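# Structure at a glance
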Amino acid sequence: MDITTILFFLIVGTIVGLIGKFLAPGDKDNIPLWLTVICGIGGMLLGGVIYRAFGGDGSDGLDWVQGIVAVLTAMVLVIIASVVSGRTRTTV
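## Some remarks on the confidence of the model for the protein chain
- On average, the protein chain scores 80 in pLDDT, and the residues at 70 or more come to 82%.
- Element-level pLDDT for the protein chain is lowest in helix H1 (residues 3–23), with a mean of 83, against a maximum mean of 87 in helix H2 (residues 33–53).

## Details of a nonpolar patch on the surface
- On the surface, a cluster of nonpolar side chains totalling about 890 Å² of accessible area is made up of Ile3, Ile6, Leu7, Leu10, Ile11, Ile15, Ile19, Phe22 and Leu23.
- Within the secondary structure, Ile19 sits in helix H1.
- Given a relative accessible area of 37%, Ile19 falls into the partly exposed group.

## A word on the packing of H2 against helix H3 (residues 64–85)
- In the contact formed by H2 and H3, the axes pass within 7 Å of each other and the chain directions differ by 135°. The orientation of H2 with respect to H3, classified from their angle, is oblique. Considering the relative orientation of H2 and H3, their crossing is right-handed. Contact with H2, carried on its side by Leu35, Cys39, Gly40, Gly42, Gly43, Met44, Leu46, Gly47, Gly48, Ile50, Tyr51 and Arg52, involves Val65, Gln66, Val69, Ala70, Thr73, Ala74, Leu77, Val78, Ala81 and Ser85 of H3 and no other residues of that element.

## Describing the nonpolar core
- Counting seven residues, the largest nonpolar core consists of Ala24, Ile31, Leu35, Cys39, Met75, Val78 and Ala81.
- At the level of secondary structure, the elements contributing two or more residues to this core comprise H2 and H3.
- Once you skip the residues sitting within four places of it in the chain, Leu35 turns out to touch Ala81 and Ser85.

## Things to note about the packing of H1 against H2
- Between H1 and H2, the least distance of the axes is 7 Å, while the angle of their chain directions is 100°. By the angle between their directions, the pair H1 and H2 is classed as roughly perpendicular. On H2, the residues that touch Phe8, Phe9, Leu10, Val12, Gly13, Thr14, Val16, Gly17, Leu18 and Lys21 of H1 are Leu33, Thr36, Val37, Gly40, Ile41, Met44 and Leu45.
- The residue inventory of the contact of H1 with H2, partitioned by class, reads 11 nonpolar, five polar and one charged.

## Some details on H1
- Here H1 is 21 residues long and its end C-alpha atoms lie 30 Å apart, about the 30 Å a rise of 1.5 Å per residue gives.
- All buried positions along H1 are accounted for by Gly13, Val16, Gly17, Gly20 and Lys21.
- Next to the buried residues of H1 lie H2 and H3.

Conventions and cut-offs
- Residues numbered from 1 in each chain as written.
- Predicted model: local features only at pLDDT ≥ 70, side-chain atom pairs only at ≥ 80, totals over all residues.
- Heavy atoms only, no water.
- pLDDT = per-residue confidence, 0-100.
- Helix = DSSP H or I, 4+ residues; strand = E, 2+ residues; numbered from the N terminus.
- Patch = residues over 30% accessible without salt bridge, like charges linked within 9 Å, V, L, I, M, F, W, Y side chains within 5 Å.
- Areas by Shrake-Rupley, 256 points an atom, 1.4 Å probe, with all protein chains shown as cover.
- Salt bridge = Lys/Arg side-chain N within 4 Å of Asp/Glu carboxyl O.
- Buried < 20%, exposed > 50% of the residue type's maximum accessible area, 1.4 Å probe, protein only.
- Axes fitted to C-alpha atoms, helices over the stretch in contact; angles between N-to-C directions.
- Parallel < 35°, antiparallel > 145°, perpendicular 65-115°, else oblique.
- Left-handed = near helix turned anticlockwise from the far one by under 90°.
- Contact = heavy atoms within 4.5 Å.
- Core = buried A, V, L, I, M, F, W, Y, C linked by side-chain atoms within 4.5 Å.
- Nonpolar A, V, L, I, M, F, W, Y, C, P; charged D, E, K, R; others polar.
- Expected span 1.5 Å × (residues − 1).

Okay, here's the thing in structure tokens:
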């Protein structure tokens, strides 16, 4: 993997993770940013596998369906991370 690929996954993974965190139901903003980025990168990778498993073959340029699947997968990963990390938000 070259540096361009790593930067792509970091930048786009952060965006996908933040969108997934925003769309997750309930109060799911109790996970740290680094875990959101991990969920975004995982959403991209796992979403691509799911997309291809259901017959997606990609397209030239930006593939919106694959992007939507990646965001939805990241959303699920954010929910799982929020439940597993068990961080609670305290208000004073």
